[in-house]
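Remarks on the overall topology
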2 protein chains.
Amino acid sequence: MTIAQQDVLALTGGVGGAKLALGLADMLAPGQLHALVNTGDDFTHLGLHISPDIDTLLYTLSGRANATLGWGLEGETWQTMAGLEALGAQTWFRLGDTDMATHLWRTQQLKAGTRLSACTTELASLLGVTSHVFPMSDDPVQTTVHTGAGDLPFQHYFVRDQCEPVVSGFSFDGISAARPNREVMRRLQQKAYGRVIICPSNPFVSIDPILQLPGLWMALRNSPAPVYVVSPIVGGKALKGPAAKMMNELGMDVSALGVARHYCARYPGLIDCFVIDQGDATMAQAIRDLGVEVALTSTVMKSRADKRELARFMLDLGGS
Amino acid sequence: MTIAQQDVLALTGGVGGAKLALGLADMLAPGQLHALVNTGDDFTHLGLHISPDIDTLLYTLSGRANATLGWGLEGETWQTMAGLEALGAQTWFRLGDTDMATHLWRTQQLKAGTRLSACTTELASLLGVTSHVFPMSDDPVQTTVHTGAGDLPFQHYFVRDQCEPVVSGFSFDGISAARPNREVMRRLQQKAYGRVIICPSNPFVSIDPILQLPGLWMALRNSPAPVYVVSPIVGGKALKGPAAKMMNELGMDVSALGVARHYCARYPGLIDCFVIDQGDATMAQAIRDLGVEVALTSTVMKSRADKRELARFMLDLGGS
């Protein structure tokens, strides 16, 4: 366990970000990690409310994540999917039989008027997760991916079309009316966080929806807690998912520098330190020239030890 | 195959009635059996529209029924239920993983505005069922069981409370506004049915909801097709389910005679012939005294051959 005196706020999407979140949870005292999770990927499918990033985080933090698939639950079965396939129903979004319980449960709770944040807190408790997991908002925000094949809801782009369409931009429907998670906003006002860590998640579809919630990024910037970002791009490639492909299609430099430029241009003054992989050391100066500090470490997390190492690095950053 | 020249209409609830329906389907040419199925047991559970009797019929007729359990699907798994149990959700109504696909599929179809009858026709087709399966109505009818423990929705009485509360009566909420299945009504007007068979289902909670739909039993009485009933009570016991217990609690004679009295009193002139088990021969005259014919045969269906035998008997009744 590290020497963190104050709670840590981590902004995260799904799989990539959940790796660092797991490392952070391992290194902090129970309850010290507060994860603010993207819900722009949430959608209604087969009549069920699906929150993919929240579930990935909860399953990862509770030790239930399927290491082989990279999503869903360990030891999952697929009988309902087989049944739906036999009925000619849509099966491109795979819902495992045990995972299905989560969706049925949450959909019922939401229908009964429970807020997504309250559902998430209860689900975390039921799964034995001691970290605090907060949806970025209780209000619906829908990430739309603008592509050469038309505008696609995120999961259609990501899962159904396997990120194949060429991307030209993104929009987050509903975001201007969405209020950021009130618990996180309250704690930011109370200066309760010792540091803010932006996980190595996709900048465009995982982190931007969070930061662009009205008032959120300014609250982070105005908070005394330093904001650290881990680059999701290492050696010109995304550690996970379509970030590199998107950057290329958007005409950006596919590199940690490209990511740093994106964050610095969109959220001026927000980032205190940009953490890049040692292999990307040559671009450190160019990033510093954007007005942020740079720290180098090994950012590729394969083993549980890797996750803890990077977490420790992030928690030691800037001195204790 | 028998000599039936015209289509046969069978009124049925779930398990008990489905046995005879299967025998009838075996003995008739494909498409000749028209089953009009109780939907008073339908309910919304975990956000899903469940039609237990329709599913029992479709699973039985398609050879998928679980012979051991007496309900649900053969080879079923229960992962979602285990997941829901871990989340502290209601699990008294057991939904198997493959069965779940049916409920998800139908709930989606209904939400999209498809009528229950159209859903059922498509589901039957997808499952390879050649018989026509009609929900008694596309409009919602809710069977309520009045008991010493208060008024209970049917599935709460039947499944959750395992038929333990003492019954004092029944009501079918919504029935006065519910229109009987229009296809069956049309065929009755066209005199398309050669005979009508009331299966050995529960008279109070499976057959009464069907017969009490506005205009239905009078249409059956006015149709030239004879109406035959198979008694669900044999030797003072129900072949399946709580019919005998209900009759006892309602102060009725727990016998085929009691069932005959019920049908003759509620639907005067409807029944042409009442079919009872040979073991109940002593009450034949008392039933005839109610003004209906009586036929005796073996009505207990254990094997597939038993079902076919009783079906053949029902199809031969009254001459060809």
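Above this text you will find the structure in question.
These lines cover the structure that appears in this document, whether it is placed above or below.

Definitions and cut-offs
- Residues numbered from 1 in each chain as written.
- Chains lettered and ligands numbered in written order.
- Predicted model: local features only at pLDDT ≥ 70, side-chain atom pairs only at ≥ 80, totals over all residues.
- Helix = DSSP H or I, 4+ residues; strand = E, 2+ residues; numbered from the N terminus.
- Rg over C-alpha atoms; globule rule 2.2 N^0.38 Å.
- Buried ≥ 20, exposed ≤ 12 C-beta atoms within 10 Å, placed from the backbone.
- Contact = placed C-beta atoms within 7 Å.
- Axes fitted to C-alpha atoms, helices over the stretch in contact; angles between N-to-C directions.
- Left-handed = near helix turned anticlockwise from the far one by under 90°.
- Nonpolar A, V, L, I, M, F, W, Y, C, P; charged D, E, K, R; others polar.
- Least-squares fit on C-alpha atoms with pLDDT ≥ 70 in both.
- Pairing = 2+ DSSP bridges.
- Right-handed = clockwise from strand over helix to strand, strands pointing away.
- Parallel < 35°, antiparallel > 145°, perpendicular 65-115°, else oblique.

On to the overall build of chain A, then. Looking only at helices and strands, chain A has 13 helices and 14 strands in total. Its C-alpha atoms give chain A a radius of gyration of 19 Å, near enough to 20 Å, the size a compact globule of 320 residues would have. The principal-axis extents of the C-alpha atoms in chain A amount to approximately 55 × 45 × 40 Å. Taking all 320 residues of chain A together, 51% fall into the buried category. Sequence separation of at least 24 residues holds for 67% of the intrachain contacts in chain A that already meet a minimum separation of 6.

On to the packing of helix α1 (residues 15–27) of chain A against helix α2 (residues 52–61) of chain A, then. All names here are of chain A. Running from N to C, α1 and α2 cross one another at 35 degrees; their axes reach a closest spacing of 9 Å. Here α1 and α2 pass one another in a crossing that is right-handed. Facing α1, whose interface residues are Val 15, Ala 18, Ala 21, Leu 22 and Ala 25, α2 presents Thr 56, Leu 57, Thr 60 and Leu 61. When the residues that make up the contact of α1 with α2 are grouped by side-chain class, the tally is 7 nonpolar, 2 polar and no charged.

Below, the discussion takes up the relation of the copies chain B and chain A. Expressed as a screw operation, the relation of chain B to chain A combines 0.0 Å of axial shift with a rotation of 180 degrees, fitting to an RMSD of 0.0 Å. Put plainly, the chains are arranged around a two-fold axis. Within chain B, B:Asp97 has its C-alpha nearest the rotation axis, a separation of 3.2 Å. In this assembly, 100% of the residues forming the interface of chain B have copies in chain A that are likewise at the interface, indicating an isologous arrangement.

The next thing to look at is the environment of B:Glu74. Residues and elements named next belong to chain B. For Glu 74, the location among the structural elements is in the loop between α2 (52–61) and α3 (79–86). The exposure class assigned to Glu 74 is partly exposed, which follows from the 14 C-beta atoms found within 10 Å. When the C-alpha positions of Glu 74 and Gly 63 are compared, they lie 8.8 Å apart, and in sequence the two are 11 residues distant.

Residue and element names in this part refer to chain A. Taken in spatial order, the 3 strands line up as β7-β6-β8 in an open sheet, and their pairing is antiparallel. Every interior strand has two partners, whereas the edge strands, β7 (150–153) and β8 (167–173), have only one. With strand direction ignored, the average angle separating the axes of adjacent strands in the sheet is 25 degrees. With 6 bridges joining them, strand β6 (residues 142–147) and β8 adopt antiparallel strand pairing. Looking across to β8, one finds that His 146 is bridged to Gly 169.

Locating B:Gly169 in the fold gives a position in strand β8 (residues 167–173). On the neighbour-count criterion, B:Gly169 (13 C-beta atoms within 10 Å) is partly exposed.

Before going further, it helps to spend a moment on the interface of chain B and chain A. Facing the 22 residues of chain B at the interface are 22 residues of chain A. Within the residue set of the side of chain B that touches chain A, elements represented by two or more residues are α3 and α4 (97–111) of chain B. At 10 residues, the largest contribution of residues to the side of chain B that touches chain A is made by α4(B). Of the residues contributing to the side of chain B that touches chain A, the split by class is 10 nonpolar, 10 polar and 2 charged.

This brings us to the sheet that holds strand β13 (residues 273–277) of chain B. All names here are of chain B. Overall, parallel pairing links the 7 strands, which are arranged β5-β2-β1-β9-β10-β13-β14 in an open sheet. Looking at strand neighbours, the two that pair on one side only are β5 (132–135) and β14 (293–297), the edges of this open sheet. Each strand of the sheet is rotated relative to its neighbour by a mean of 25 degrees, with strand direction disregarded. With 5 bridges joining them, β13 and β14 adopt parallel strand pairing. Counted as the bridge partner of Cys 273 is Glu 293 from β14.

Turning our eyes to something else, we now look at helix α11 (residues 256–266) of chain A. If you check which residues of α11(A) are buried, you get A:Ala256, A:Leu257, A:Gly258, A:Val259, A:Ala260 and A:Tyr263. On its buried face, α11(A) is in contact with α8 (203–211), β10 (227–230), β11 (233–234), α10 (243–249), β13 (273–277) and α12 (284–288) of chain A.

Let us now look at the pairing of strand β1 (residues 7–12) of chain A. Residue and element names in this part refer to chain A. A large share of β1 lies buried, amounting to 5 of its 6 residues. Here 5 bridges tie β1 to strand β9 (residues 193–198), and the two strands are oriented parallel to one another. Residue pairing for β9: Val 8 is matched across the bridge by Arg 195. Judged from the 5 bridges that link them, β1 and strand β2 (residues 33–37) form a sheet pairing that is parallel. Of the residues in β2, the one forming a bridge with Thr 12 is Val 37. Since β1 and β2 lie parallel, the crossover through α1 that links them has a hand, and here it is right-handed.

Turning next to unusual backbone geometry. With a phi close to 55 degrees, A:Leu46 is a non-glycine residue in the positive phi region. Mapping A:Leu46 onto the fold places it in the loop between β3 (43–45) and β4 (48–50). Even without a glycine there, the phi angle at B:Gln162 is positive, about 45 degrees. Checked against the element boundaries, B:Gln162 lands in the loop between α6 (154–160) and β8.

A word on the packing of α1(A) against helix α13 (residues 304–316) of chain A. All names here are of chain A. One way to put it is that α1 packs onto α13 with a least axis distance of 8 Å and a crossing angle of 70 degrees. Here α13 runs roughly perpendicular to α1, going by the angle between their axes. Side by side, α1 and α13 meet where Lys 19, Leu 20, Leu 22, Gly 23, Leu 24, Asp 26 and Met 27 of the first sit next to Lys 307, Arg 308, Leu 310, Ala 311, Arg 312 and Leu 315 of the second. Within the contact of α1 with α13, the residues separate by chemical class into 7 nonpolar, 1 polar and 5 charged.

Functional significance is not addressed by these values, which are geometric in nature.
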